[in-house]
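The lines below spell out each chain.
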Amino acid sequence: MAGISLKKLNKSFGALTVVHDIDLEIADKEFIILVGPSGCGKSTTLRMIAGLEEISGGELWIGGDLVNDVPSKDRDIAMVFQNYALYPHMTVYKNMAFGLQLRRAPKEEIDVKVKAAAKILDIEHLLNRKPKALSGGQRQRVALGRAMVRNPEVFLLDEPLSNLDAKLRGTMRAEITKLHKRLDATFIYVTHDQVEAMTMADRIVVMKDGRIQQVDTPQNLYDKPVNMFVAGFIGAPQMNMLDVTIARRGDRFVAVFDGKELPLPASVDTSRLAGYDGQTVVLGLRPENFHEIAPPDVPVENTAQLDTTVELAEPMGSEVHLNVVCNGHTMIARVSPRCKARDGDTIRLVVDMSYAHLFDKKTELSINH
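Residues numbered from 1 in each chain as written. Predicted model: local features only at pLDDT ≥ 70, side-chain atom pairs only at ≥ 80, totals over all residues. Heavy atoms only, no water.

Caption draft 1: Quick look at the overall build of the protein chain. Counting secondary structure elements, the protein chain contains nine helices and 20 strands. For the protein chain, the spread of C-alpha atoms along the three principal axes comes to 80 × 45 × 35 Å. Counting all 369 residues of the protein chain, 49% fall into the buried class. Put simply, of all contacts in the protein chain between residues at least 6 apart along the chain, 67% involve residues at least 24 apart. On the protein chain, roughly 17700 Å² of surface is accessible, and the fraction owed to carbon and sulfur atoms is 49%. In the protein chain, 45 side chains carry a positive charge and 48 a negative one; their mean positions are 7 Å apart. (Helix = DSSP H or I, 4+ residues; strand = E, 2+ residues; numbered from the N terminus. Buried < 20%, exposed > 50% of the residue type's maximum accessible area, 1.4 Å probe, protein only. Contact = heavy atoms within 4.5 Å. Areas by Shrake-Rupley, 256 points an atom, 1.4 Å probe, with all protein chains shown as cover. Lys, Arg positive; Asp, Glu negative; His and termini not counted. Charge placed at Lys NZ, Arg CZ, Asp CG, Glu CD.)

Quick look at the structure:
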């Protein structure tokens, strides 16, 4: 069993604290991804789990054992680095075997494990080559293979795909996901790429400034962000944020945007909205909630129409991204690839308010959830 528990874990460099009292429970065999902008503390957290960074405070438990002072080599973990960290003078076979040789494993056992891992990763034909003769994707597979042969309980992966081109990243995302299921081990993965996080993780940990903002499944993070940071970070293109005023209209509330009244989703607790009557809040609208024509499955009373001017139309093949301006406010809409709007055109967009988000302007916390 390799469940991992972080209890008030923190890391300081002198007077500077870069990871603040993190509490996180990672289940055995879970695939969890730490995501956030550069400098948010995600790699430092991973390195503390690996034993490569000293823990300044708190507790780290792996498989029921407190490991704060346990050397990295005794933690039953394997790490895959961003730059692969392969030995250039060794063949692929020797790179993969090196860790086992240091542990004085029998030669026959090493041979079996290296060849088995090479077969899974489809690099059997590369075993006699040196890293300089390999492509980026092949080097990444070797780095994964080197971790696999140790048969660890926990795999730690620090931005392993960031040096690959877009097409290869997509392929390797799928390969790593399948590898996790096949190896039946705990995976902790660090990335700044939200696409990797959304497509690969069982759960995602969103970090900012050394603190955890939210931990949840990819879909719940997308549908129920707890604050403006998570809402803006998860989703591409990112959520549109507009200042609106909450106003009571009989037994319901609306969001007033530049004099236009926008209906609010029934999911928002009216008792909570009552406390914001007359106040300015932030309205969050995802780009896919804008349409050229009102969706037939959305009640008319849940929609609003906005007259906009197209600043830039970006054809993406499967969709068009429209950068539009409405009363001086810039927004982005994802619409059908059949959209004919061009730069400078005036276009009326229908907004599906069923999925609108509201945030407190001061605390930036969600009012919806």
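After that view, the rundown keeps rolling.
Caption draft 2: The sheet that holds strand β16 (residues 303-315), seen in detail. Read from one edge of the open sheet, five strands run β15-β19-β16-β17-β18, paired in antiparallel fashion. Two strands lie at the open edges of the sheet, namely β15 (290-291) and β18 (329-335), each paired on one side alone. Pairing analysis gives seven bridges linking β16 to strand β19 (residues 346-352), with the strands arranged antiparallel. What sits directly across from A304, in β19, is V351. (Pairing = 2+ DSSP bridges.)

Caption draft 3: Spatial organisation of the packing of aromatic side chains. Counted according to the given criterion, the structure contains five aromatic pairs. Ring centres 5.4 Å apart and planes at 40° place the aromatic pair F31 and F187 in the tilted group. On the criterion of sequence distance, the pair formed by F31 in strand β3 (residues 31-35) and F187 in strand β8 (residues 186-191) is long-range, its members being 156 residues apart. Given a relative accessible area of 1%, F31 falls into the buried group. You can call F187 buried: its relative accessible area is 1%. Measuring from centroid to centroid gives 5.7 Å for F229 and F233, while their planes differ by 20°, and the two rings are stacked. Taken as a pair, F229 and F233 lie in helix α8 (residues 228-233) at a separation of four residues, close to a single helical turn. (Phe/Tyr/Trp six-rings, centres within 6.5 Å; stacked < 30°, edge-to-face > 60°.)

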